[in-house]
Amino acid sequence: MPPRTSSAAGKSSASSGPRSARTPLAAASRGDKGNGRARRPVPSQPWLHQRAGEVQQFGTVRQFPLGLSDDARTYSCERLNQVLADSQILYALYKKHHWLMRGATFCQLHLLLDKHASEQLQLVDLVAERVQTLGGVAVGDPRHVAEITSVPRPPNGAEEVPAMLSRLLEAHETILTDAHDAAARTAEMGDDGTSDLLVSDVIRTGELHAWFLAEHLVDTPLVRAQ
Ligand SMILES: [Fe+2]
């Protein structure tokens, strides 16, 4: 419901609540023009500066009628949140290295890393929404992500190009290793949907990205065969 407003000039603001009293817009919506004359209330004034406690804690699942046990859904959400945190870090690493790329193959790698970044971002959304589908809470805040991820933090500056590519490859392998195990175990728990997502999306996309990166680390002659 929108905030209740009053057109009576000079009426106490206590009835409108302490939060709305801090905002000029809310003051206007109460009809207080500040000069003793009434102003028409604004019925669509939003409630501002609202705060509340958590309605669901991270690590818990709500009851959803999916034919899956609470234990299976809780376990899947835990495994998915690990993949989700690592994939969000991988996405950020791709953008960082997309920006910091340099050298003779700058243009090609600059574009390739951005393509991988956008595809990782799509995966992030798929995995996060799978957590929500199971009744859980997806890890979203980047500071929370940083607490959970197992992908090592890079230096703040730029590394040599092969080192940046190796860092991305290693992040992929971390996620792939975890995703293979998670896919098998969630399938054992009966959560075929999560297992399918991990195999069909996370693993297949990650393997493809790793291939494209690895080929850039082959030391091959460009013009004359040795
Ligand atoms: Fe860009």
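Numbers given for residues are sequential positions, taken from 1 along each chain in its written order. Given that the model is predicted, a residue must reach a pLDDT of at least 70 before its local features are reported, and side-chain atom pairs must reach 80 or more before they are shown or counted; all residues, however, enter totals for whole chains, interfaces and linings. In computing side-chain properties, one takes all heavy atoms of the structure into account and sets aside hydrogens as well as water.

Student: How should the nonpolar core be read in this particular structure?
Tutor: Note that soluble globular proteins tend to have their nonpolar side chains buried in a common cluster. In this text, buried Ala, Val, Leu, Ile, Met, Phe, Trp, Tyr and Cys residues form a nonpolar core when linked through side-chain atoms within 4.5 Å. Each residue is assigned to one of three classes by its accessible area relative to the maximum for its type, calculated with a 1.4 Å probe on protein chains only: buried under 20%, partly exposed between the two thresholds, exposed over 50%. The biggest cluster of nonpolar side chains holds 39 residues, and the ones touching the most others in it are Leu-198 and Val-202. Going through the elements one at a time, helix H2 (70-100), helix H3 (106-133), helix H5 (161-188) and helix H6 (192-214) are the ones with two or more residues in this core. Top contributing element to this core by residue count: H5, with ten residues. Residues contacting Leu-198, with those up to four places away along its chain left out, are Leu-80, Val-83, Ala-179, Ala-182, Ala-183, Thr-186 and Ile-203. Under the scheme used here, helices are H or I runs from DSSP no shorter than 4 residues and strands are E runs no shorter than 2 residues, and both carry numbers assigned from the N terminus. In this analysis, two residues are considered to be in contact whenever any of their non-hydrogen atoms come within 4.5 Å of each other.

Student: Got a minute to help me understand the pattern of salt bridges in this structure?
Tutor: When the charged atoms of two side chains with opposite charge come close together, those side chains can pair. By salt bridge we mean one thing: a side-chain nitrogen of Lys or Arg within 4 Å of a carboxyl oxygen of Asp or Glu. In the structure shown here, the tally under the stated rule is nine salt bridges. The partner of Arg-79 in a salt bridge is Asp-178, with the nearest N and O atoms 3.0 Å apart. With Arg-79 in helix H2 and Asp-178 in helix H5, this pair connects stretches of sequence that are 99 residues apart. Classification of Arg-79 as buried rests on a relative accessible area of 11%.

Student: How do you make sense of a nonpolar patch on the surface when you look at a structure like this?
Tutor: Patch membership needs two things, relative accessible area over 30% and no salt bridge, and members are linked within 9 Å if like-charged or within 5 Å if nonpolar (Val, Leu, Ile, Met, Phe, Trp, Tyr). Note on areas: Shrake-Rupley with a 1.4 Å probe; residue coverage comes only from the protein chains shown. Taken together, the side chains of Leu-208, Trp-211 and Phe-212 make up a nonpolar region of the molecular surface, amounting to roughly 310 Å² of accessible area. Looking at the secondary structure, you find Phe-212 in helix H6.

Student: Where do I start with the side chain of Gln-88 in this structure?
Tutor: In this fold, Gln-88 is placed in helix H2. Residue class for Gln-88 comes out buried when judged on its relative accessible area of 18%. Looking at Gln-88, its side chain comes within polar contact range of the main-chain oxygen of Val-139, at 3.1 Å. The contact partners of Gln-88, leaving out residues within four places of it in the chain, are Val-124, Val-139, Gly-140 and Val-145. Here a polar contact means two N or O atoms within 3.5 Å. Within protein one must be a hydrogen donor candidate and the other an acceptor candidate, and residues neighboring in sequence count only if both atoms are side-chain atoms.

Student: Can you walk me through the packing of H3 against H5 in this structure?
Tutor: If you want to describe how two helices pack, look at the angle between their axes and the distance between the axes. Direction vectors running N to C along H3 and H5 enclose 20°, while the axes themselves pass 13 Å from each other. Taken together, the axes of H3 and H5 are roughly parallel relative to one another. Read as a crossing pair, H3 and H5 show a hand that is left-handed. Here H3 contributes Leu-109, Leu-113 and Gln-120 to the contact with H5, which in turn contributes Val-161, Leu-165, Leu-168 and His-172. Throughout this entry, Asp, Glu, Lys and Arg are counted as charged residues, while Ala, Val, Leu, Ile, Met, Phe, Trp, Tyr, Cys and Pro are counted as nonpolar. The remaining residues, Gly among them, count as polar. Within the contact of H3 with H5, the residues separate by chemical class into five nonpolar, two polar and no charged. Here an angle of 0 to 180 degrees is reported between the N-to-C directions of two axes, which are lines fitted to C-alpha atoms, with helices fitted over the stretch in contact. The scheme is simple: roughly parallel for angles under 35 degrees, roughly antiparallel for over 145, roughly perpendicular for 65 to 115, oblique for anything else. Throughout, a crossing is termed right-handed when the near helix is turned clockwise from the far one, and left-handed when it is turned anticlockwise from it by less than a right angle.

Student: What is the right way to read the side chain of Ser-195 from this model?
Tutor: Looking at the secondary structure, you find Ser-195 in helix H6. For Ser-195, a relative accessible area of 11% corresponds to the buried category.

Student: Please explain H5 as it appears in this structure.
Tutor: Residues three or four positions apart in an α-helix share a direction because the helix packs 3.6 residues into each turn. Its 28 residues place the ends of H5 41 Å apart at the C-alpha level, agreeing with the 40 Å of an ideal helix rising 1.5 Å per residue. Within two residues after H5, Gly-190 carries a phi angle of roughly 95°, on the positive side. To estimate the expected span of a helix, subtract one from its residue number and multiply by 1.5 Å.

Student: Please clarify how the packing of H5 against H6 should be interpreted in this entry.
Tutor: Their axes nearest at 9 Å, the elements H5 and H6 cross at an angle of 160°. Considering the angle they form, H5 stands roughly antiparallel to H6. Here H5 and H6 pass one another in a crossing that is left-handed. Taken together, the residues of the contact of H5 with H6 break down into 16 nonpolar, seven polar and two charged.

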